[in-house]
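# Overview (structure and organization)
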Amino acid sequence: MTTLVTGGRGRVARALVDLLRADGRPVRVASNAPERLELPDGTPTVRCSLGEPETFPAALDGVTSVFLYARASHADAFLAEAARAGVEHIVLLSSTAALAPEDVRNPIVDMHRDAERALAASPIVSTALRPGGFATNALGWAHAIRSEGVVRLPYPDAHSASIHERDIAGAAHAVLTSEAHRGTGHTLSGPESLTYREQVEHIGRAVGRTLTVETVSPEEWKRSVSAFMPEVNADTLLAAWRAADGVPEAVAPGVELLTGRPARTFAAWAEEHAADFTA
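Conventions we followed
- Residues numbered from 1 in each chain as written.
- Predicted model: local features only at pLDDT ≥ 70, side-chain atom pairs only at ≥ 80, totals over all residues.
- Heavy atoms only, no water.
- Core = buried A, V, L, I, M, F, W, Y, C linked by side-chain atoms within 4.5 Å.
- Buried < 20%, exposed > 50% of the residue type's maximum accessible area, 1.4 Å probe, protein only.
- Helix = DSSP H or I, 4+ residues; strand = E, 2+ residues; numbered from the N terminus.
- Contact = heavy atoms within 4.5 Å.
- Pairing = 2+ DSSP bridges.
- Axes fitted to C-alpha atoms, helices over the stretch in contact; angles between N-to-C directions.
- Parallel < 35°, antiparallel > 145°, perpendicular 65-115°, else oblique.
- Left-handed = near helix turned anticlockwise from the far one by under 90°.
- Salt bridge = Lys/Arg side-chain N within 4 Å of Asp/Glu carboxyl O.

## Quick word on the nonpolar core
Across soluble globular proteins, nonpolar side chains show a tendency to be buried alongside one another. Membership of the largest hydrophobic core comes to 30 residues, with the highest contact counts inside it found for Trp141, Ile203, Trp221 and Phe266. Counting only elements with at least two residues in this core, the list comes to helix 5 (142-147), strand 7 (150-153), helix 7 (196-207), helix 8 (218-225), helix 9 (231-244) and helix 11 (266-272). With near-sequence residues (within four places) excluded, isoleucine 203 lies in contact with Ala138, Trp141, Ile145, Leu211, Phe266, Ala270 and Phe277. Counting residues in each nonpolar core, the second largest holds 27 residues, with Val27, Ile163, Leu176 and Ala263 among its members.

Laid out in structure tokens, this is it:
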């Protein structure tokens, strides 16, 4: 009853591996660079790149369930190989973006919606987990906080009910280890909607510093991220933040429904990750 956990270097996957191992469940961790994984001794690993179908057979051999990151490219090949291997259940890490209206098209929506559609067409039972914003997105501010104590944002009063990565892992663990919620989709969020300005304040309290939020123009922000973010992705984020400016995000019940306990707060996340924001 081995579970294949893809995206092994991701924070959600790493937390899920710990939960499955704590249960004594056989787990195999997949990554396109397994030699770089930091895992407990004795954890089986395998090279599996979702962009390289030739890596699928070895990764899926003997596997009965899969935790899968959303990537639509080669989805059909992956699912065909999973069916041949006897996989019974796939838990997809999707996104609330997959629920966007049909006429909405952007790279984030397309990736998650296409991945969900591929699984829906497969004979394998699948469960989609749809978190909104990740609390770990705030790690993008870490360098600025460490070096200057200043976070520059185009829409600092945009809202997000950001979710702790361990709550996503807990939800995945719940559906992988119980049949009660299989074959459905679950929207996940943190327990409260906060502005990005409020998130920065929580981080400041966690690190014991007064942090400053500066409002910059969308164009200035795009220039600041142009070295590592494609323009279409930057425009997608700006549009989402503009729509959320001053608008609280609805809180979803998925974490408590699946795990039996409330989702962790952003303040708790900031306390746990304080070291990431200190020099």
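More follows now that the structure is in view.
## Considering the sheet that holds strand 9 (residues 185-188)
As summarised here, the arrangement of the seven strands in space is 3-2-1-4-5-6-9, forming an open sheet in which the pairing is parallel. The open sheet has two edge strands, strand 3 (45-47) and strand 9, and neither has a second partner. Within this sheet the neighbouring strands show an average axis-to-axis angle of 20 degrees, counted without direction. Along the sheet, helix 4 (residues 107-120) makes contact with strand 4 (63-69), strand 5 (89-93) and strand 6 (125-131), crossing strand 5 at roughly 170 degrees. Lying on the sheet, helix 6 (residues 165-177) is in contact with strand 1 (2-5), strand 4, strand 5, strand 6 and strand 9; it crosses strand 5 at an angle near 165 degrees.

## Examining the packing of helix 8 against helix 9
Between helix 8 and helix 9, whose axes approach to 10 Å, the crossing angle comes to 140 degrees. What the angle tells us is that helix 8 and helix 9 run oblique. Taken as a pair, helix 8 and helix 9 cross one another with a handedness that is right-handed. Residue-level inspection shows Pro218, Trp221, Lys222 and Val225 of helix 8 in contact with helix 9, the latter providing Glu231, Ala234, Asp235, Leu237, Leu238 and Trp241.

## Quick word on the side chain of aspartate 167
In this structure, aspartate 167 sits in helix 6. Beyond its immediate sequence surroundings of up to four residues, aspartate 167 is in contact with Val255, Arg261, Ala263 and Arg264.

## Let's talk about the environment of leucine 188
If you trace the backbone, leucine 188 turns up in strand 9. Note on leucine 188: relative accessible area 1%, which makes it buried. Considered as a pair, leucine 188 and alanine 161 are 27 residues apart in the sequence and their alpha carbons are 9.3 Å apart. Among all residues touching leucine 188, those that are not within four sequence positions of it are Leu129, Arg130, Pro131, Gly132, Ile163, Ile168, Ala171, Ala252, Gly254, Val255 and Leu258.

## Considering the pattern of salt bridges
The final tally for this structure, using the stated rule, is 16 salt bridges. One salt bridge connects aspartate 110 with arginine 105, and the closest N-O pair in it is separated by 2.7 Å. A residue is classified by how much of its surface remains accessible, and aspartate 110, at 19% relative accessible area, is buried. Notably, a salt bridge pairs arginine 152 with glutamate 148, separated by 3.1 Å at the nearest N-O pair. A single network of salt bridges, built from pairs that share partners, joins Arg105, Asp110 and Arg113.

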